[in-house]
Amino acid sequence: MALKTAQEYIDSLRALKSDVWLFGEKVENFVDHPVIRPSINAIALTYKIAHEPEHEDLAVTISSLTGERTNRFTSLFMSPDDMVKKIKMQRMLGQRSGCCFQRCVGMDAINAVYSSTFEIDEKHGTEYHKRFKEWVKYIQQNDLCVQGAMTDVKGDRGQSPSKQPDPDMFVHVVERRPDGIVIRGAKAHQTGSVNSHEMLIMPTLTMREGDEDYSVSCAIPSDSKGVHFIYGRQSCDKRKLEEGDIDVGNFMFGGQEALTVLDDVFVPWERVFMDGEVEFSTMMVERFAANHRQSYGGCKPGIGDVLIGATASMAEYNGVPRASHIRDKIAEMSHLAETLHACGLACCTQGTKTRAGNYQPDILLANVCKMNVTRFPYELTRLAEDIAGGALVTVPSEADLRNPVVGKYVEKYFKGANNVSAEDRIRMLTLINSMTFGLTAPSYRTESMHGAGSPQAMKVMIERQTDMNEKKRLARVLAGIDEREKLTD
Ligand code: SF4
Ligand code: FE
């Protein structure tokens, strides 16, 4: 089947019978809902770029499973270069959307489950990998959007999954039948969940003996019976229900998160890729996390590029583009964005081949990449807010700008330097507002902090991946505590 166009992707969502809830009401037509549509537009971009000749090299690849052209978002990374192209594609999409375009979670999950199932089968003689390959071929041939579903709601963080007072705090198998399994639980703040055709479920943390029912990976259609989506609120989301586009800022695109409830969902065996192999949960989690933490070295500098451009434009509109402290701060913003991108690229080039044959980014560097992402977008937004000025949070509404009585005052008192109109100045302010305060939810800040794991998860991985004994040995040798290196025999 041919690669879907953006329009074909949007139309394909209309066939889903998904159970979506927003503002306490069931949404009958989520595709055209003004709060949800920007997030659909953002994913549609991932389909559009596959048809742009100038971006074909980044967006399209040859499937290692079928030999056919496939969208990179459904592909396996078969070389470090495939991962470099992924990062460059994500930066370009971040630049064009200014927000999370949601489809990377599934791509990264596909790669983690592919390599993990191969190794489970090696040890247990199971057939998960064969099943998984068949499912990936189906995804590729139909150019479907996949949601990677990892984060459980977790309940009491001090208790393991099987010790929770409420057994449903982690997704688990409640029944095994001759034809498949039944799962129950909920995945929290799932990116792009409503907009995806399929959901690839994985465990969220290291499982131990006793957690067998919680060590489950499987795929289900998003509109399966028993799946309920409760849409996450976004800061200022009701602005999208108002007249006009100015107050929304990034009117065209936005992110999406939902609480995904799995209320006794049946999964046939051919879609089950892990069931009880507790000792492989860590592998699956770490590999997915590394792939997705690497991804942030693509999207986040891309979104940063928009913020830097908006900030530099505001400096011009305010008449101070040449002020030395402004130039210094904008150069600092570029430094931060490029450092994030450099980290993303570094973990690709240092990637290694898995036993299944696909490539895995360097786990230590991927966690360092995401650790920087928990910090640098905060500094980027701080500098953007510094330069844009207090009008970021005091600017009048579009309705006042258009009002026959007070509109003339807004036009007069909000105009910028060199005859920049009040409308252009307000548009740039609301764009920055939407990116930093969260209307293109999740905001550039909080999503950078918690998406793909919260900072402490990275710290743990960085500690685990660091060979501290080797570092201490290096110090002992140079200090003369251990024998010093001889330069000659
Ligand atoms: Fe992709 Fe970034 Fe969104 Fe993750 S946060 S899905 S990497 S755009
Ligand atoms: Fe994310």
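Residues numbered from 1 in each chain as written. Chains lettered and ligands numbered in written order. Predicted model: local features only at pLDDT ≥ 70, side-chain atom pairs only at ≥ 80, totals over all residues. Heavy atoms only, no water.

### What about the domain arrangement of the protein chain?
For the protein chain, the assigned domains are domain 1 (8-279) and domain 2 (283-468). Taking the mean C-alpha position of each, domain 1 and domain 2 sit 24 Å from one another. Listed per partner, the contact involves 56 residues of domain 1 and 49 residues of domain 2. In terms of surface lost to domain 2, no three residues of domain 1 exceed I87, R91 and I246, which account for 18% of the buried area on that side. At the boundary of domain 1 with domain 2, the tally comes to five salt bridges. The tally of links from domain 1 across to domain 2 stands at 21 residue pairs in polar contact (both at pLDDT 80 or more). At the level of elements, α4 (80-97) and α5 (104-124) are the ones that each hand at least two residues to the side of domain 1 that touches domain 2. A total of 13 residues in the side of domain 1 that touches domain 2 trace back to one element, the largest contributor, which is α5. Taken together, the residues of the side of domain 1 that touches domain 2 break down into 26 nonpolar, 19 polar and eleven charged. (Domains from an automatic or database assignment. Contact = heavy atoms within 4.5 Å. Buried area = accessible area lost by both parts, 1.4 Å probe. Salt bridge = Lys/Arg side-chain N within 4 Å of Asp/Glu carboxyl O. Polar contact = N/O pair within 3.5 Å; in protein donor to acceptor, adjacent residues only side chain to side chain. Helix = DSSP H or I, 4+ residues; strand = E, 2+ residues; numbered from the N terminus. Nonpolar A, V, L, I, M, F, W, Y, C, P; charged D, E, K, R; others polar.)

### So, the side chain of D19
Inspection of the secondary structure assignment puts D19 in the loop between α1 (6-13) and β1 (20-22). Within the local environment of D19, its side chain forms a polar contact with the side chain of K26, the two groups lying 2.6 Å apart. The residues contacting D19, other than those within four sequence positions of it, are K26, V227, H228 and F229.

### Focus on the pattern of salt bridges
Per the counting criterion, the structure on display carries 39 salt bridges. For E52, the salt bridge identified is with R96, shortest N-O distance 2.7 Å. You can see E52 sitting in the loop between α2 (37-48) and α3 (56-59) and its partner R96 sitting in helix α4, a full 44 residues away along the chain. A relative accessible area of 10% means that E52 is categorised as buried. (Buried < 20%, exposed > 50% of the residue type's maximum accessible area, 1.4 Å probe, protein only.)

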